[in-house]
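Architecture at a glance
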There are 2 protein chains.
Amino acid sequence: MISPEELTANVLASHEEVPDPRLRVIIRSLITHLHAFATEVVLTQDEWAAGIAFLTAVGHMTDDRRNEFILLSDTLGLSMLVDLVDHYSDAGETESTVLGPFWVADAPWRENGAVIARPEDGDPLHLTGRVLTTGGEPIAEAIVDVWQASAKGLYDVQDPEQTPGNLRGRFRTGADGGFDCWTVRPVPYPVPTDGPVGKMVAALGRHPWRAAHIHFRVSADGYQALTTHLFDAESEYLDSDVVFGVKEMLIRSIRRVEGVVPEELASKRFEYFEMSGDFILA
Amino acid sequence: MISPEELTANVLASHEEVPDPRLRVIIRSLITHLHAFATEVVLTQDEWAAGIAFLTAVGHMTDDRRNEFILLSDTLGLSMLVDLVDHYSDAGETESTVLGPFWVADAPWRENGAVIARPEDGDPLHLTGRVLTTGGEPIAEAIVDVWQASAKGLYDVQDPEQTPGNLRGRFRTGADGGFDCWTVRPVPYPVPTDGPVGKMVAALGRHPWRAAHIHFRVSADGYQALTTHLFDAESEYLDSDVVFGVKEMLIRSIRRVEGVVPEELASKRFEYFEMSGDFILA
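Going along each chain's sequence as written, the residues are numbered from 1 onward. Each chain takes a letter, starting from A, and each ligand takes a number, starting from 1, following the order in which they are written. Since the coordinates come from a predicted model, pLDDT governs what is reported: local features require at least 70, and pairs of side-chain atoms require 80 or more to be given and counted, while whole-chain, interface and lining totals use all residues. Note: side-chain values were computed over all heavy atoms of the structure, leaving out hydrogens and water.

Here's the deal with the overall build of chain A
Keep this limit in mind: Starting at the N terminus, helices and strands are each numbered in turn, a helix being any DSSP run of H or I of at least four residues and a strand any DSSP run of E of at least two. Burial here depends on accessible area, computed with a 1.4 Å probe over protein chains only, as a share of the maximum for the residue type. Under 20% is buried, over 50% is exposed, and the range in between is partly exposed. Per-residue accessibility takes into account occlusion by the displayed protein chains alone, with areas from the Shrake-Rupley method and a 1.4 Å probe. We score Asp and Glu as negative and Lys and Arg as positive, and we do not count His or the chain ends. Where a charge lies is defined by one atom per residue type: Lys uses NZ, Arg uses CZ, Asp uses CG and Glu uses CD.
A count of helical and extended segments in chain A gives 6 helices and 12 strands. Projecting the C-alpha coordinates of chain A onto the three principal axes gives extents of approximately 80 × 40 × 30 Å. Going through the 282 residues of chain A one by one, you find that 54% of them count as buried. Counting only carbon and sulfur atoms, one obtains 53% of the accessible surface of chain A, whose full area is about 12,500 Å². Between the centroid of the 23 positive side chains of chain A and the centroid of its 44 negative side chains there is a distance of 4 Å.

Laid out in structure tokens, this is it:
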């Protein structure tokens, strides 16, 4: 009987002539590691059949509006890992994190200081920040694309009770690199648990929650675009975010402030939260 | 910035408390190897997005009648590897190979010597064999389940022109452990090339052909069941079978014989091929 190592070597030998050199590197590494996995755990045929059935269910749950494979990649930490190896740098720029499934390409353009939330979306939050170079110089005319979920844990694209564009917007920085808007304090929410990946997360003994965060895509001519989050330092799940998206430098303290809140956002007009985040672009 | 290795360690740390101990071993090994793959090749986000799109397409091609994920596993050598690690033994039994997607549970029972093919299915072949213990003793009343493709490369379940049960049957061995039937000489055929896995195989610069083979499942009370093939020693693709199913000890010479062929199988009734295979059960 040939050994598992010999079989793997035979399969690799069949992939020495892959025409595209990058594809050759990728497929040979993938075969090496998938085979090492099956050999190491002595995977049984029944277990692999269960794996095939799981992947099939993930495929069948995936459509134009929901990608269960991205959720699988996210919950295994693979999306964050690819984000990390694809952007690895020590130039001092702000760290990135996953895009997630709720970004939209055509978020409304907003003026700085605009209100992007409704009173029922949560506690008022004044969000301020600057876009800077790695040398600390302000970047004017940078685009800051912001999006987040409501107090119910839903994005506008998931929630028929929200107007499209609610809790999202694109801002341009001023001469000092600054932007600001009025929104709500983010809350933790669970990733979808009604599909095969939700069942997997439960079987793994893990919870399905993401730590409270606001999403950002920051771009400016001549700089590398940045996709990231800011996290609420007081949020639950910072140590156990289900998609492993939290990075130390992206956690921000939220301050309680006494002052005037725009009327369309708040019933209590004289108290709000404030969160600041500078973004450094390479 | 944390390193890829630190991120992988964090993800593994989140899987130390998986309740089912076997699932814990499997998921931790899978995460380790998937992360090592992405880190080693410095997978880009665009490449991983292409990977997600590929897996989605594989899922969408999969239904009750066709499992593109099994084909993916087969073409990456993973099915054969799992077969190998799940059955690794040096007890001297006949080696196994993949079941494939065309086995059916309720193949017709046949008498030894039965004809299971039509004249248009190929060149007449008298298939004989015995089922033996590892000590060489015959096993009577063993079940030998046989199935194969026609000269067109199609199994009955794929081909509306074949009657269900054509080119398949279940036989019982006699007191000498023997069985025999009249069928046709197998020919190479390609795996399905109209789906994403077919496109992948083409992009890898590989052909989609399987070496000519007949499938067997052999079982007897008190013995481990065996799923295997016998391959025609003169077939093309023995060295490059697309699913890596060929094993040296499963290759059989086919002899040309002068003699009488059952009338319902042949127009040329006085020449046929003969293939013999003994199966040793542990």
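Topic: unusual backbone geometry
In most cases, non-glycine residues show a negative phi, while peptide bonds are predominantly trans. With a phi close to 50 degrees, Val42(A) is a non-glycine residue in the positive phi region. With respect to the element layout, Val42(A) can be found in the loop between α2 (21-41) and α3 (45-61). Even without being glycine, Phe244(B) reaches a positive phi, approximately 60 degrees. Within the secondary structure, Phe244(B) is located in the loop between β9 (226-232) and β10 (251-252).

A closer look at the interface of chain B and chain A
To keep things clear, this is the line we draw: Any two residues whose heavy atoms approach within 4.5 Å are treated as being in contact. Put simply, a salt bridge is a Lys or Arg side-chain nitrogen that is within 4 Å of an Asp or Glu carboxyl oxygen. Throughout this description, a polar contact denotes any pair of N or O atoms lying within 3.5 Å of each other; where both atoms belong to protein, one of them has to be capable of donating a hydrogen while the other can accept it, and for residues adjacent in sequence the pair is counted only when both atoms sit in side chains. Throughout this entry, Asp, Glu, Lys and Arg are counted as charged residues, while Ala, Val, Leu, Ile, Met, Phe, Trp, Tyr, Cys and Pro are counted as nonpolar. The remaining residues, Gly among them, count as polar.
Every contact between the two is made by 66 residues of chain B and, on the other side, 65 residues of chain A. Taken together, the links from chain B to chain A amount to 2 salt bridges. Along the contact surface separating chain B from chain A lie 25 residue pairs in polar contact (both at pLDDT 80 or more). Sorting elements by how many residues they give to the side of chain B that touches chain A places helix α2 (residues 21-41) of chain B first, with 17 residues. Looking at the side of chain B that touches chain A, its residues break down into 36 nonpolar, 22 polar and 8 charged.

Focus on the packing of helix α1 (residues 4-13) of chain A against helix α5 (residues 78-86) of chain B
Filter applied, for reference: Note on method: axes are straight lines fitted to C-alpha atoms, helices fitted across the in-contact stretch only, with angles between N-to-C directions ranging 0 to 180 degrees. Orientation is classified from the angle alone, with under 35 degrees giving roughly parallel, over 145 giving roughly antiparallel, 65 to 115 giving roughly perpendicular, and any other angle giving oblique.
Running from amino to carboxyl end, α1(A) crosses α5(B) at an angle of 170 degrees, the nearest separation of the two axes being 10 Å. Our classification of the angle between α1(A) and α5(B) gives roughly antiparallel. Between α1(A), through Pro4(A), Leu7(A) and Thr8(A), and α5(B), the contact on the second element is made entirely by Met80(B), Leu81(B), Leu84(B) and Val85(B).

Brief notes about the domain arrangement of chain A
Filter applied, for reference: An automatic or database domain assignment is the source of the domain bounds shown.
By domain assignment, chain A separates into domain 1 (1-43) and domain 2 (91-191 + 206-281). When each unit is reduced to the centre of its C-alpha atoms, the spacing between domain 1 of chain A and domain 2 of chain A is 43 Å.

What about the pattern of salt bridges?
Within the structure shown, the criterion is met by 32 salt bridges over all chains. For the salt bridge of Asp194(A) with Arg66(A), the shortest nitrogen-to-oxygen distance reads 2.9 Å. Of this pair, Asp194(A) sits in the loop between β6 (189-190) and α6 (196-203) while Arg66(A) sits in the loop between α3 and α4 (68-75); the two residues are 128 residues apart in sequence, bridging distant segments of the chain. The salt bridge involving Glu234(B) is made with Arg185(B); its shortest N-O contact spans 3.4 Å. In this pair, Glu234(B) sits in the loop between β9 and β10 while Arg185(B) sits in the loop between β5 (178-184) and β6 (189-190), placing the two residues 49 residues apart along the sequence. Residue Arg185(B) is classed as buried on the basis of its relative accessible area of 15%. Salt bridges here are not isolated pairs; linked through shared partners, they connect Arg66(A), Glu68(A) and Asp194(A).

Overview of the side chain of Gln162(B)
Residues and elements named next belong to chain B. The residue Gln 162 is located in the loop between β3 (143-147) and β4 (168-172) in this model. The class of Gln 162 is buried, set by a relative accessible area of 5%. Among the polar contacts listed, one links the side chain of Gln 162 to the side chain of Asn 166, at a separation of 3.0 Å. With near-sequence residues (within four places) excluded, Gln 162 lies in contact with Arg 118, Ser 150, Leu 154, Tyr 155, Asp 156 and Leu 167.

Some details on the sheet that holds β9(B)
Residues and elements named next belong to chain B. Note the following rule: Between any two strands, pairing holds if DSSP finds at least two bridges.
Spatially, β4-β3-β8-β9-β10 is the arrangement adopted by the 5 strands of the open sheet, whose pairing is mixed. The strands lining the two open edges of the sheet, one partner per strand, are β4 and β10. Pairing analysis gives 5 bridges linking β3 to β4, with the strands arranged antiparallel. Looking at the pairing, Ile 143 lines up with Arg 172 of β4.

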